[in-house]
Amino acid sequence: MSYPSGHPQQYNPQQPAPQQYNPQQAAPQQYNPQQAAPQQYNPQPAPQQYSQQQPAPQQYEPQQPAPQQQHGRSSRMSDSNLRLVWVYPDLLSTYGDRGNALVVERRARQRGLGVQRIDVRSDQAVPTSGDIYLIGGGEDRPQRLAAERLRNDSGLVRAAENGAIIFAVCAGYQILGREFINDLGEREAGLGLLDVWTTRGEGARCVGDVLAEVDPRLGLPQLTGFENHQGVTHLGQGVSPFANVQVGRGNGTGDGTEGAWRDTVFGTYLHGPVMARNPAVADMLIKLALDVNALPPADTTWYDALRAERIAATRQPA
Amino acid sequence: MPGTDSEATAAREASLPTRAKLAVTAGRVAAALSQKAGRGSGSVIGGKVALKLDPDLLATLAEHLDVVLVSATNGKTTTTRLIAEALRAAGPVVSNALGANMPAGITAALAGGSDAKFGVIEVDEKYLAGVARDTRPKAIALLNLSRDQLDRAAETRMMAEKWREGLKDTDAVIIANADDPLVTWAASSCRKVVWVAAGQAWKEDAWSCPSCGGVMQRPGDDWFCQDCGFRRPQPHWALQGTHVIDPQRGAWPIQLQLPGRANLANATSSAAVAAVFGVAPQVALQRMQSVTAVAGRYDVVSYQGRDVRLLLAKNPAGWLETFSLIDGPPAPVILSVNAMDADGTDTSWLWDVDYERLSGHPIFVMGQRKLDLAVRLEVAGLQFQVVDSLDQAVQMAPPGRIEAIANYTAFQQLRKAVAN
Ligand SMILES: [Zn+2]
């Protein structure tokens, strides 16, 4: 081993080292820090603190089969394990998107559900048997790579055909559409799971807090989040706007729409992460997965406090 | 010798071209006025005025110096300080030690003048290529790159690309962290590179090959791309436990007053930089021992009869390194998070931080965005208390030294609070 050529000056290596390094122990190139790296994409499951409360009518009870008529499809949960698939965290997890997976998992466990979280890296196959699929946001090149790999893999499309629940944010939302503009400035095909297409906005990037009213058919409270995107997403006949903005830009089309949805496929521009600011969205996905109208209550004290603060701050920017 | 510095400065300024001289003087007047108006040290304003009068001033000031540039997402202020201490073994050093790391602040620091031989300069990542062009450095240390300030839309990989493009023709010796694929990508187009195995705990920004986009394989501490063959270079220097391994395989103990693995890594990179200037690792490391708190970071202060250690963590990689250095449970921990412009206004990054690792600590949560933090900790299944002030947190904290971890402006506020 030597210095690379072109070193302007070198200290004199003739000087004896006070301690001779023993190559038997470990050579520098086999450097092994004591500190183990944190587990990748596999955080410890949150402890189950929820004690099952008195079930209200129409609530999910883990021991019994869930009622089934809701969406004209059978509940996909064979046992009481919710299969939560997080798609491509190696490419699409730039904006704290892990939070959506953590909140859905937490809210499900608080209802006594077992959760199997499956984090799928972009060199792995997307399983077709998941109950809920989450896709996050990412930068322009990772977005193109993710779209390429998801088109080739087809697992997500097949899962969607089976009626899986899919919730995507920002770059992930654009990928669910028909097409978007990639990092090379070219039109890139999406998965066509939502009838939307995305162009590149000519104006300033949409950055800031958002306040929106969700499509009343979804029965969700006011939506709060943070948007950060250049894309403008246009909605076709096959989808409805997920929400309409009161503050912020949403789809960026100027008509006030934010996100899009049809059946069990949802897209939004909201980060925050959106589930942390809107736990009712996480609950909605769990209800869809169980095919129930209601869930046992789970504490929302801190979410409520955060929501109140963000909603007030967004209405009246400092 | 208080007189020597200003005499040397005067002599040096006399040798500057007229335009540069005027610029330095104008900058000093502006700085003094700004200081009088109560706006901090005024050095950045002074630098701005001076650069406006003479855009070449930075280059002129750097001309007589052996310059080292230090850039990274995390650790650049501390490493700048460590390198400055090490190089003082070989001659006087001028440095922007207080972290004013954009061209105006750098200009002000260099114009602040001394009869320095070395200029050790911390540079904001975004300005590195330009400052490298102007100051013609002998060495550039690249420590790490990771996500920071999400609302800035500055892609981490794009930053690596910008470095790569901006540094490819430099004559400087690049001292680069071989354990960071993005830094490696940035440095690998340079002619002279000293690779340092400095480690990097945070890996979430480099799963995608910076060269071809392939999925990075990361067995143990190695990394490589199966698709294009881009891989971890053989390091010349390494951090091994608490020792620096030099290219001759000499092992030198690191004895720092600064805590944590990240600072051992910073010391390793600093030793590699010092060697470029002929300062031997044992000399460099010995000198680094004198560095205690850097701009208040790691400072243990006494506040209301309690010991409080102030720790700065600006982004997920920084939080991860900080968690690895704090006292174990039941040491009380105060977390403070703001979302002002200087912090980034999007707090989503809280969800990239493994707060689960604070399990067992009594936790107190404060700052502008304490409610975001509260939801994050609730979802992590942790017990915590939300408080309104440092006072309240300290009063409620059980015995033991308190670890106070804060992001950028929250940290400045903590420093202010304990100073009163
Ligand atoms: Zn590659």
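Residues numbered from 1 in each chain as written. Chains lettered and ligands numbered in written order. Predicted model: local features only at pLDDT ≥ 70, side-chain atom pairs only at ≥ 80, totals over all residues. Heavy atoms only, no water.

### Regarding the overall build of chain A
For step 1, the next point in the chain: A count of helical and extended segments in chain A gives seven helices and 14 strands.
For step 2, the next point in the chain: Split into buried and exposed, the 318 residues of chain A put 58% on the buried side.
For step 3, the next point in the chain: Of the roughly 13,400 Å² of accessible surface on chain A, a fraction of 45% belongs to carbon and sulfur atoms. (Helix = DSSP H or I, 4+ residues; strand = E, 2+ residues; numbered from the N terminus. Buried < 20%, exposed > 50% of the residue type's maximum accessible area, 1.4 Å probe, protein only. Areas by Shrake-Rupley, 256 points an atom, 1.4 Å probe, with all protein chains shown as cover.)

### Some thoughts on the packing of helix H1 (residues 98–110) of chain A against helix H13 (residues 370–379) of chain B
The packing of two helices is summarised by the inter-axis angle and the distance between the axes.
For step 1, the next point in the chain: Here H1 of chain A crosses H13 of chain B at 55 degrees, and the two axes come no closer than 9 Å. Comparing their axes, H13 of chain B and H1 of chain A come out oblique. Handedness of the H1 of chain A/H13 of chain B crossing: left-handed. Taking contact as the criterion, the partners of Arg-98, Leu-102, Val-103, Arg-106 and Gln-110 of chain A in H1 of chain A are, on H13 of chain B, Arg-376, Glu-378 and Val-379 of chain B.
For step 2, the next point in the chain: Along the lines of polarity and charge, the residues of the contact of H1 of chain A with H13 of chain B split into three nonpolar, one polar and four charged. (Axes fitted to C-alpha atoms, helices over the stretch in contact; angles between N-to-C directions. Parallel < 35°, antiparallel > 145°, perpendicular 65-115°, else oblique. Left-handed = near helix turned anticlockwise from the far one by under 90°. Contact = heavy atoms within 4.5 Å. Nonpolar A, V, L, I, M, F, W, Y, C, P; charged D, E, K, R; others polar.)

### Things to note about the pairing of strand S4 (residues 165–169) of chain A
Residue and element names in this part refer to chain A.
For step 1, the next point in the chain: Counting buried positions along S4 gives five out of five residues, so the element sits mostly inside the fold.
For step 2, the next point in the chain: Covered by surrounding structure in S4 are Ile-165, Phe-167 and Val-169 together with Ile-166 and Ala-168, the residues of both alternating faces.
For step 3, the next point in the chain: As judged from the four bridges shared by strand S3 (residues 132–135) and S4, these two strands associate in the parallel manner. What sits directly across from Tyr-133, in S4, is Ile-166.
For step 4, the next point in the chain: With four bridges joining them, S4 and strand S14 (residues 265–268) adopt parallel strand pairing. (Pairing = 2+ DSSP bridges.)

### A look at the sheet that holds strand S11 (residues 243–247) of chain A
All names here are of chain A.
For step 1, the next point in the chain: Overall, antiparallel pairing links the four strands, which are arranged S9-S8-S11-S12 in an open sheet. The open sheet is flanked by strand S9 (223–229) and strand S12 (257–258), the only strands paired with a single partner.
For step 2, the next point in the chain: As paired elements, strand S8 (residues 206–214) and S9 share seven bridges and run antiparallel to each other. Residue pairing for S9: Val-210 is matched across the bridge by Gly-225.
For step 3, the next point in the chain: Sitting on the sheet, helix H7 (residues 301–315) is in contact with S8, S9 and S11, with an inclination near 115 degrees to S8.

### What to know about the packing of helix H5 (residues 76–87) of chain B against helix H10 (residues 261–276) of chain B
Residues and elements named next belong to chain B.
For step 1, the next point in the chain: Running from N to C, H5 and H10 cross one another at 40 degrees; their axes reach a closest spacing of 9 Å. With respect to their mutual orientation, H5 and H10 come out oblique. Where H5 crosses over H10, the handedness of that crossing is right-handed. For the pair H5 and H10, contact is made by Thr-78, Thr-79, Leu-82, Ile-83, Ala-86 and Leu-87 and by Asn-263, Asn-266, Ala-267, Ser-270, Val-273 and Ala-274, respectively.
For step 2, the next point in the chain: When grouped by side-chain class, the residues that make up the contact of H5 with H10 number seven nonpolar, five polar and no charged.

### Some points on the coordination of the zinc ion
Residues and elements named next belong to chain B.
For step 1, the next point in the chain: Coordination sphere of the zinc ion, protein contribution only: Cys-209 (SG), Cys-212 (SG), Cys-225 (SG) and Cys-228 (SG), at 2.2 to 2.3 Å.
For step 2, the next point in the chain: Its four donor atoms give the zinc ion angles of 99 to 114 degrees at the centre, a pattern that matches the tetrahedral case.
For step 3, the next point in the chain: Considered as a linear motif, the donors of the zinc ion on their single chain read C-x2-C-x12-C-x2-C.
For step 4, the next point in the chain: Residue Cys-209 is classed as buried on the basis of its relative accessible area, which comes to 0%. (Donors = N, O, S within 2.8 Å, 3.2 Å for Na, K, Ca; no water. Tetrahedral: all angles 85-135°; square planar, octahedral: opposite > 155°, others 65-115°.)

### Concerning the environment of Gln-230 of chain A
Residue and element names in this part refer to chain A.
For step 1, the next point in the chain: Mapped onto the elements, Gln-230 comes out in the loop between S9 and strand S10 (231–235).
For step 2, the next point in the chain: By relative accessible area, Gln-230 is classed as partly exposed at 21%.
For step 3, the next point in the chain: With 13 residues separating them along the chain, Gln-230 and Arg-217 place their C-alpha atoms 29 Å apart.
For step 4, the next point in the chain: Polar side-chain contacts of Gln-230 include one of 2.9 Å to the backbone oxygen of Gly-201.
For step 5, the next point in the chain: From its side chain, Gln-230 meets the backbone oxygen of Gly-203 in a polar contact 3.0 Å long. (Polar contact = N/O pair within 3.5 Å; in protein donor to acceptor, adjacent residues only side chain to side chain.)

### Some points on the pattern of salt bridges
For step 1, the next point in the chain: Enumeration over the complete set of coordinates arrives at 39 salt bridges over all chains.
For step 2, the next point in the chain: A salt bridge links Glu-85 of chain B to Arg-88 of chain B, with the nearest nitrogen and oxygen atoms 2.8 Å apart.
For step 3, the next point in the chain: Look at Arg-88 of chain B and you get partly exposed, because its relative accessible area is 35%.
For step 4, the next point in the chain: Put simply, Arg-157 of chain B and Glu-161 of chain B hold a salt bridge, and the shortest N to O gap is 3.5 Å. You can see Arg-157 of chain B and its partner Glu-161 of chain B sitting in helix H8 (residues 156–167), four residues apart, about one turn around the helix.
For step 5, the next point in the chain: Judged by relative accessible area, which is 15%, Arg-157 of chain B ranks as buried.
For step 6, the next point in the chain: Look at Glu-161 of chain B and you get partly exposed, because its relative accessible area is 26%.
For step 7, the next point in the chain: Salt bridges here are not isolated pairs; linked through shared partners, they connect Asp-209, Arg-277, Glu-309 and Arg-310 of chain A together with Arg-369 and Asp-372 of chain B. (Salt bridge = Lys/Arg side-chain N within 4 Å of Asp/Glu carboxyl O.)

### Quick notes on the domain arrangement of chain B
Residue and element names in this part refer to chain B.
For step 1, the next point in the chain: What the domain assignment lists for chain B is domain 1 (7–288) and domain 2 (300–419).
For step 2, the next point in the chain: Computed from C-alpha coordinates alone, the two centres of domain 1 and domain 2 are separated by 28 Å.
For step 3, the next point in the chain: The partner domain 2 presents 18 residues to the 15 residues of domain 1 that form the contact.
For step 4, the next point in the chain: Of the roughly 1,400 Å² buried between domain 1 and domain 2 on both sides combined, carbon and sulfur atoms contribute 53%.
For step 5, the next point in the chain: Arg-147 is the partner of Asp-352 in a salt bridge, and the nearest nitrogen-oxygen pair spans 2.9 Å. (Domains from an automatic or database assignment. Buried area = accessible area lost by both parts, 1.4 Å probe.)

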